[in-house]
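One letter stands for each residue in the lines below.
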Amino acid sequence: GGQVSLEKPGRLDEEDLVRITNRDRLIFPEAKVTKGDLADYYEAIGPAMAPWALGRPISLVRCPQGRAKKCFFQKHDAGSFGEAVRHLDIREKDGGVEPYLYVETIVGLLACVQMGTIEFHGWGASVSDIEKPDRLIFDLDPDPAVGFDDVKKAADDIRSTLEEIGLASFAMLSGGKGIHVVVPLTPKAKWPEVKDFAQRFALSLAQAEPERFIATMSKAKRKGLIFIDWLRNQRGATAILPYSARARPGAPVAVPLNWSELKTVESAGLYSVKDVKALLKRAGSAVLQGWGEAAQVLPDI
Ligand code: ATP
Ligand code: MN
Ligand code: MN
């Protein structure tokens, strides 16, 4: 069994130890990636993932018997994750209060992996101010008939449209089929305002180019179009976090890219957990310098 210990600034105690059991269990049968491999991936990528994953409510895709078996989406704390996984009571729409999960350390991420987690999804707000989003995401969901070149073009067009209204944005391959356009925000506007902005922005693109885009959920009408999924921007919604693995064949990961790199990429699942060395090298290089960082608030439109 592997014992992982990671130092937090200033302290290292028993709380910082996560024992990964069943390291040889195949989690990705096609890619031959085991639970131990996945834990090693998250331990290594942890420093690059931390700024996006720590200190915000998270939801988990857990597949304890591997990605090809039963998986489930977990939003609330079940109390079984141990000390390193914390919970925050959040009031829900129906008035009830539920304990949401969050982690403050890479060890916390590993405690989730120990419990069969493959994917980490995050709220668009930090636990210190859950009512004020610190990012907005346009999740581009192409109909299967849409080629990846058209998805890339759509992402870049959204980048320039956002730029015209004074907003910097950043691209991320989802590790699935699409691209996420991420707009960092200084927490100021609350969820209803941010959701309203995202909806109006998406609807206006769909209105301007109905032969390319759709901004309503209807799957039936999506044929040949890219759905601009703005619904990631409502209170309680989550989106896949940068560097999370995906529970899909080949163990792909969600990867931040700079806009000029995006032009050369051929699919949304370009990188897998096996590419951890390349991912780390990129994360620390000029290519991703400043990715996801911009001090900006929503303009009036
Ligand atoms: P792709 O590029 O393939 O679209 P994606 O991560 O963008 O990958 P979507 O299906 O577009 O996937 O987005 C689904 C989002 O909905 C996820 O990011 C997740 O945070 C959220 N979600 C909410 N409930 C669930 C659920 N039960 N199972 C999976 N995802 C869920
Ligand atoms: Mn998507
Ligand atoms: Mn979506």
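Our structure is the block above this text.
Residues numbered from 1 in each chain as written. Chains lettered and ligands numbered in written order. Predicted model: local features only at pLDDT ≥ 70, side-chain atom pairs only at ≥ 80, totals over all residues.

Things to note about the packing of helix H1 (residues 35-53) against helix H2 (residues 106-114)
Part 1 of the reasoning: The N-to-C vectors of H1 and H2 enclose an angle of 135 degrees; their axes lie 9 Å apart at closest approach. Classed by the angle they form, the pair H1 and H2 counts as oblique. With respect to the hand of their crossing, H1 and H2 are arranged in right-handed fashion. Across the interface between the two elements, Leu38, Ala39, Tyr42, Glu43, Gly46, Ala50 and Ala53 of H1 pack against Ile106, Leu109, Leu110 and Val113 of H2.
Part 2 of the reasoning: The residue makeup of the contact of H1 with H2, split by class, is nine nonpolar, one polar and one charged. (Axes fitted to C-alpha atoms, helices over the stretch in contact; angles between N-to-C directions. Helix = DSSP H or I, 4+ residues; strand = E, 2+ residues; numbered from the N terminus. Parallel < 35°, antiparallel > 145°, perpendicular 65-115°, else oblique. Left-handed = near helix turned anticlockwise from the far one by under 90°. Contact = placed C-beta atoms within 7 Å. Nonpolar A, V, L, I, M, F, W, Y, C, P; charged D, E, K, R; others polar.)

Details of the site of ligand 1
Part 1 of the reasoning: Around ligand 1 sit 13 residues in total, of which Phe73, Ser174, Gly176, Gly178 and Thr238 are the nearest.
Part 2 of the reasoning: Broken down by secondary-structure element, the contributors of at least two residues to the shell around ligand 1 are strand S10 (135-142) and strand S15 (239-240). (Near = placed C-beta within 6 Å.)

Thoughts on the sheet that holds strand S16 (residues 255-257)
Part 1 of the reasoning: In spatial order, the strands read S13-S14-S10-S12-S11-S16; together these six strands make up an open sheet with mixed pairing. The sheet is open, and its two borders are formed by strand S13 (213-214) and S16, each paired with just one other strand. (Pairing = 2+ DSSP bridges.)

Considerations on helix H6 (residues 276-283)
Residue pairs three or four apart in sequence face the same way in an α-helix, which turns once every 3.6 residues.
Part 1 of the reasoning: Within the sequence span of H6, burial applies to Val276, Leu279 and Arg282. Angularly, the buried residues of H6 cover 125 degrees about the axis, an arc narrow enough to put them on a single face. Seen from the open side of H6, the exposed residues pointing more than 90 degrees away from its buried face are Lys277, Ala278 and Lys281.
Part 2 of the reasoning: For H6, the secondary structure elements touched by its buried residues are H1 and S16. (Buried ≥ 20, exposed ≤ 12 C-beta atoms within 10 Å, placed from the backbone. Arc of directions from axis to C-beta.)

Overview of the pairing of strand S12 (residues 179-184)
Part 1 of the reasoning: Most of S12 is tucked away: five of the six residues are buried.
Part 2 of the reasoning: Bridge count between S10 and S12: six bridges; the pairing is antiparallel. Residue pairing in the sheet places Ile137 in a bridge with Val182 of S12.
Part 3 of the reasoning: In this sheet, S12 lies alongside strand S11 (residues 170-173) in antiparallel orientation, the contact comprising four bridges. Note on S12: the bridge partner recorded for Leu173 is Ile179.
Part 4 of the reasoning: The turn joining S11 and S12, which pair antiparallel and follow one another in sequence, is formed by five residues; a positive phi near 85 degrees is taken by Gly175.

Describing the environment of Glu30
Part 1 of the reasoning: Tracing the chain through its elements places Glu30 in the loop between strand S3 (26-28) and strand S4 (33-34).
Part 2 of the reasoning: According to the C-beta neighbour criterion, Glu30 is exposed, with 12 such atoms within 10 Å.
Part 3 of the reasoning: Linking Glu30 and Arg67, residues 37 residues apart in sequence, is a C-alpha distance of 9.9 Å.
Part 4 of the reasoning: In contact with Glu30, not counting residues within four places along its chain, are Pro249 and Gly250.

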